[in-house]
Amino acid sequence: MSTSTLPRHRSLVTFALITATALTVTSCGAGESTGKEPGGRAGAVQNAALPTQDVVSGLEEVPAASALLPEAVRERGSLTLALSVGGNPPGSSYLKDGKTLAGQDVDFAHAVAEVLGIELQREVASFEAILPALGSGKYDIGTGNFGVTDERRKTIDFVTYVNDGQGFATRADSTLAKVTDLVQLCGRKVATGAGTTFEATLQDGKQLCEDAGKEPYEVQTYGDQSAIWSALQQGRAEVVMSTINGLRYAVAQQKGFKFLNEYHRLDVGFAFKKGTPLAPAFRAAVNELIENGAYDRILAKWGTTGSALKSSEISPPEAKR
């Protein structure tokens, strides 16, 4: 793991990006990023050129928001935040130097910290480890494009900041055109991230194939996005299920793949231990970003304006859209 502290009011470049020790997120048969350029071997998307402009410069503490923090946090002036790295942009990824992080979550975390007048002591962790670690108190906050589901809300509190969700992609030569029902996947091999809502959705839907009298689909889970795309390119998987924004970015950066469709929209939020006193302050901070225009600048930077929320909420019911 790597740790970095994010002081407030840094210079242009360091404010927009975090420097951390390079780490490959692995679990459940994860592969290592190849570092190839777009059009080369699958997995190149993580090292493709990423936007690095500072879009949150000039933000200042907003007393009405910071006053909502617990007194102990205000006195300490810092919180620990676990960050999942290794997803497709706009999710958090390393730049080509292998140590500098950039991503939509990175920018939102920076911006919220500025509004609340605190420092974030950031630690890189694997996606599937973050939510359980919040419950144990190891981290105060988690980011990793965590979708808000009714199942997760039983043990985790969320403060929403974008709307993303679940989608599908496949090879450009596939006859598959759209996935509106999981029965369409019966008999196929589907690759997805370990410990994600995608894995849960696929596992929950396996019974549909049996009910339809068809061969069940095979769920392949990986802890690293490059391994997922390699499996698809090499024919070990036929379909990928992942984030809508991440899939669209990935197929635009890599030849030989196509985005199929959106399957299920989900709100995405900062994750906290259930019953956290931090949620009201973070909601106020996100809503301040929406109000002052920084929110729109972050989304425009990452090409995700279609994921905008009108306002932040605390643990809303799972979206049915």
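Numbering of residues starts from 1 in every chain and runs along the sequence as written. Two thresholds apply to this predicted model, a pLDDT of at least 70 for residue-level local features and 80 or more for giving and counting side-chain atom pairs, whereas whole-chain, interface and lining totals are computed over all residues. Side-chain measures were taken over the full set of non-hydrogen atoms in the model, leaving aside hydrogen atoms and water.

Colleague: Residues and numbers for the overall build of the protein, please.
Modeller: Here a helix means four or more residues in a row that DSSP labels H or I, a strand means two or more in a row labelled E, and each is numbered from the N terminus. Along the protein, the regular secondary structure elements total ten helices and twelve strands. Exposure is judged per residue with a 1.4 Å probe applied to protein chains only, and the accessible area is read against the type maximum: over 50% gives exposed, under 20% gives buried, and values in between give partly exposed. The 321 residues of the protein split such that 55% are buried. Computed with a 1.4 Å probe, the accessible areas rest on the Shrake-Rupley method; for each residue, only the protein chains presented here act as cover. Carbon and sulfur atoms make up 48% of the accessible area of the protein, which amounts to about 12,800 Å² in all.

Colleague: I'd like a rundown of the pattern of salt bridges, residues and numbers included.
Modeller: Any Lys or Arg side-chain nitrogen located within 4 Å of an Asp or Glu carboxyl oxygen qualifies as a salt bridge. All chains considered together, the criterion is met by eight salt bridges. Among the ionic pairs, K301 bridges to D107, the shortest N-O distance being 3.0 Å. Here D107 lies in helix 4 (residues 104-116) and K301 lies in helix 10 (residues 294-302), a separation of 194 residues in the sequence. For the pair formed by K301 and D107, the shared burial category is buried. Among the ionic pairs, K154 bridges to E151, the shortest N-O distance being 3.0 Å. The same class applies to K154 and to E151, which are both exposed. Sharing partners across several salt bridges, the network here consists of R248, E262 and R265.

Colleague: Run through the state of the cysteines, naming residues and quoting values.
Modeller: Cysteine sulfur pairs qualify as disulfides if the two atoms are within 2.5 Å. Within this structure, the stated rule accounts for one disulfide. The disulfide that involves C186 links it to C209, with 2.1 Å between the sulfurs. Torsion about the S-S bond of the C186 and C209 cystine: about -100°, corresponding to left-handed handedness. Here the residue C186 occupies a position in the loop between strand 8 (156-171) and strand 9 (189-193), and C209 occupies one in helix 6 (residues 197-211), the gap between them amounting to 23 residues. The class of C209 is buried, set by a relative accessible area of 0%.

Colleague: Give a detailed account of the pairing of strand 3 (residues 78-84), specifying residues and quantitative values.
Modeller: Among the seven residues that make up strand 3, six are buried, leaving the element largely enclosed by the rest of the structure. DSSP-based pairing: two strands are paired if at least 2 bridges between them are found. Inspection of the sheet shows strand 3 paired to strand 6 (residues 119-125) by seven bridges, in the parallel sense. Residue pairing across strands places L79 opposite L120, the latter belonging to strand 6. With three bridges joining them, strand 3 and strand 7 (residues 141-143) adopt parallel strand pairing. When the sheet's bridge partners are listed, L81 is paired in strand 7 with I141.

Colleague: Quick one: what's the story with the nonpolar core, residue by residue and with numbers?
Modeller: Membership of the largest hydrophobic core comes to 47 residues, with the highest contact counts inside it found for F108, L116, F270, F282 and L289. It is helix 4 that contributes the most residues to this core, eight residues altogether. Look past the residues within four positions of L289 in its chain and what remains in contact with it is L59, F108, A111, V112, V115, A294 and Y295. Nine residue types can take part in a nonpolar core, namely buried Ala, Val, Leu, Ile, Met, Phe, Trp, Tyr and Cys, and a core is a set of them joined through side-chain atoms within 4.5 Å. L176, V219, V239 and L260 belong to the second-largest nonpolar core, a separate cluster that totals 15 residues. Contact definition: two residues touch when any of their heavy atoms are within 4.5 Å.

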